[in-house]
Amino acid sequence: MSWLTEYVRPKIRGLLKREVPDNLWTNCESCEQMILTKDLHKAMNVCPHCGYHMRATVPERLEWTFDNGEYTRIELPRVPVDPLSFRDRKRYTDRLKDERAKSQLDESMAVAHGRIGGHNAVVAVMAFEFIAGTMGAALGEAFLAAARLAILQQSPLIVFTASGGARMQEGMISLMQMPRTTVGVQMLKEAGLPYFVVLTNPTTGGVSASFAMLGDVQIAEPNALIGFAGQRVIEDTVREKLPEGFQRAEYLLEHGMLDMVVKRGDLPVTLGQLIGQLNYRHITARPAA
């Protein structure tokens with residue numbers, strides 16, 4: 001046997017058998033370039049090649065938004081499970097159980113408080129990873145809890161939206177959350193507290209038709225899809241060809257539906273500046289004279 005079979009071949013086989021972690025690389029959904037996952041996380045899930053903003057999880061949003069990634073999550077009110085005894089491909093109770101195990105979340109919205117740019121703030125984040133961020137009774141309760149906490153702390157409320165709309169498994173109960181969340185926004189207005197909305201990709205359906213479009217300041221991430229119904233549905237209804245990108249953040253900014261489009265990396269500073277510019281006396285605690 002030659003040195004090729006005794007030495008080289010075993011070395012090659014050893015290299016081929018070496019396991020590579022499945023999550024080492026990530027493909028950009030837009031330009032399809034491969035990115036090291038650790039580099040992507042450092043870039044806040046923004047593609048370094050084309051600038052595409054990929055989806056973010058609840059823990060990532062909270063970590064990136066609050067100063068030094070420090071925040072306190074609150075426990076949210078419980079709601080009746082499966083009030084309609086709904087079943088499609090599986091029982092709704094089983095679907096919830098599976099989603100909770102997969103996402104490590106109880107529902108499609110999480111609420112936390114901390115400081116942004118040195119100012120106290122309450123932040124509610126929608127979880128697209130939980131049944132596509134759909135809006136049910138639990139989300140309505142979470143939003144109201146966030147509004148009440150902001151009023152209690154005399155702090156602004158910031159909501160990051162990401163949703164496919166209403167949750168069909170809860171039927172009319174889901175649709176009832178549209179006026180309920182609107183009541184929460186009104187509570188903030190009556191208390192004289194700022195309400196900021198950051199629309200991310202995608203924000204659609206009943207969420208976009210309620211609390212997502214009621215902010216004192218409307219912000220969106222670049223190229224975020226924002227709308228009520230899909231483009232094809234609208235074109236079939238009005239029987240007209242719609243402009244390219246008419247439901248994207250940049251188009252909505254040009255037509256007065258948004259106040260600004262901000263890159264993800266600039267959001268914490270922007271939010272801190274907005275809170276500071278409002279000069280609300282209860283946002284930052286002041287020492288007694």
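Residue numbers run consecutively from 1 along every chain, following the written order of its sequence. Given that the model is predicted, a residue must reach a pLDDT of at least 70 before its local features are reported, and side-chain atom pairs must reach 80 or more before they are shown or counted; all residues, however, enter totals for whole chains, interfaces and linings. The side-chain values count all of the structure's non-hydrogen atoms but skip hydrogen atoms and water molecules.

Quick notes on the overall build of the chain
Next, step 1: Under the DSSP-based scheme used, a helix requires at least four consecutive residues in state H or I and a strand at least two consecutive residues in state E, with every element numbered from the N terminus. Looking only at helices and strands, one finds eleven helices and nine strands in the chain.
Next, step 2: For every residue, the accessible area obtained with a 1.4 Å probe (protein chains only) is divided by the maximum for its type, and the residue is called buried under 20%, exposed over 50%, and partly exposed between those limits. In the chain, which comprises 289 residues, the proportion classed as buried is 44%.
Next, step 3: For this analysis, residues touch if any pair of their heavy atoms sits within 4.5 Å. Of the contacts made within the chain by residues no fewer than 6 positions apart, 65% connect residues no fewer than 24 positions apart.
Next, step 4: Summing over all exposed atoms, the chain offers an accessible surface of approximately 15,800 Å²; the carbon and sulfur share of this is 54%. Note on areas: Shrake-Rupley, 1.4 Å probe, and residue coverage restricted to the protein chains presented here.

What about the pattern of salt bridges?
Next, step 1: Salt bridges are identified by distance alone: a Lys or Arg side-chain nitrogen within 4 Å of an Asp or Glu carboxyl oxygen. One pass over the full model with this rule turns up nine salt bridges.
Next, step 2: The salt bridge involving D216 is made with K189; its shortest N-O contact spans 3.0 Å. A residue pair is termed long-range when its members are at least 10 positions apart, and D216 in the loop between α8 (205-208) and β8 (217-220) and K189 in helix α7 (residues 177-190) qualify at 27 residues.
Next, step 3: In this structure, a network of salt bridges that share partners links the residues R61, E221 and R264.

Digging into helix α3 (residues 58-65)
Note: α-helices contain 3.6 residues per turn, so residues at a spacing of three or four share the same orientation.
Next, step 1: In terms of residue burial, α3 counts as a mostly covered element, since six of its eight residues are buried.
Next, step 2: What α3 keeps buried is the set V58, E60, R61, L62, W64 and T65.

Considering helix α11 (residues 267-278)
Next, step 1: Multiplying 1.5 Å by the residue count of a helix minus one yields the expected span of that helix. With twelve residues, α11 ought to run about 16 Å at 1.5 Å a step, and its terminal C-alpha atoms sit 17 Å apart, in line with that.
Next, step 2: When α11 is considered as a whole, its buried residues turn out to be L267, P268, T270, L271, G272, L274 and I275.

Describing the UniProt feature "binding site: Zn(2+)" (unreviewed entry) in the chain
Next, step 1: UniProt positions are given in the numbering used here, feature names are shortened, and annotations may be inferred rather than shown by experiment. According to UniProt, the feature "binding site: Zn(2+)" (unreviewed entry) maps to C28, C31, C47 and C50 in the numbering used here. In terms of the greatest pairwise C-alpha distance, the residues named above, spread along 23 residues, form a tight cluster of at most 8.7 Å across.
Next, step 2: Judged by relative accessible area, which is 2%, C28 ranks as buried.
Next, step 3: Among all residues touching C28, those that are not within four sequence positions of it are Q33, I35, C47, C50, Y52 and M54.
Next, step 4: By the secondary structure assignment, C31 is in the loop between β1 (25-27) and β2 (34-36).
Next, step 5: The class of C31 is partly exposed, set by a relative accessible area of 29%.
Next, step 6: For C31, the residues in contact, after removing those within four places along its chain, are C47, H49 and C50.

Concerning the packing of helix α5 (residues 137-153) against α7
Next, step 1: Orientation is described by axes fitted as lines to C-alpha atoms, over the contacting stretch for helices, and by angles from 0 to 180 degrees between their N-to-C directions. α7 packs onto α5 with a crossing angle of 5° between their chain directions and a minimal axis gap of 9 Å. Taken together, the axes of α5 and α7 lie roughly parallel to each other. Contacts between α5 and α7 involve A137, G140, E141, F143, L144, A147, R148, A150 and I151 on the former and, on the latter, Q177, R180, T181, G184, V185, M187 and L188.
Next, step 2: Class assignment of the residues belonging to the contact of α5 with α7 gives a composition of nine nonpolar, four polar and three charged. Here the word oblique covers every angle except those under 35 degrees (roughly parallel), over 145 (roughly antiparallel) and from 65 to 115 (roughly perpendicular). Just so you know the grouping, Ala, Val, Leu, Ile, Met, Phe, Trp, Tyr, Cys and Pro go in nonpolar, Asp, Glu, Lys and Arg go in charged, and all remaining residues, Gly too, go in polar.

A few points about the nonpolar core
Next, step 1: Each nonpolar core is a collection of buried residues, namely Ala, Val, Leu, Ile, Met, Phe, Trp, Tyr and Cys, held together in the definition by side-chain atoms within 4.5 Å. In terms of nonpolar packing, the biggest core is built from 30 residues, with M109, F143, L157, V159, Y195, F211 and I226 touching the most fellow members.
Next, step 2: Mapped by element, the contributors of at least two residues to this core are β4 (109-116), β5 (119-126), α5, β6 (157-163), α7, β7 (195-203) and α10 (249-254).
Next, step 3: Looking at this core, the element that brings in the most residues is α5, giving seven residues.
Next, step 4: Each residue touching M109, except ones within four places of it in the same chain, is listed here: L76, A124, V125, M126, A127, L139, A142, F143, V159 and F211.
Next, step 5: Core analysis: the second largest hydrophobic core is formed by 26 residues, V58, F160, V198 and L267 among them.

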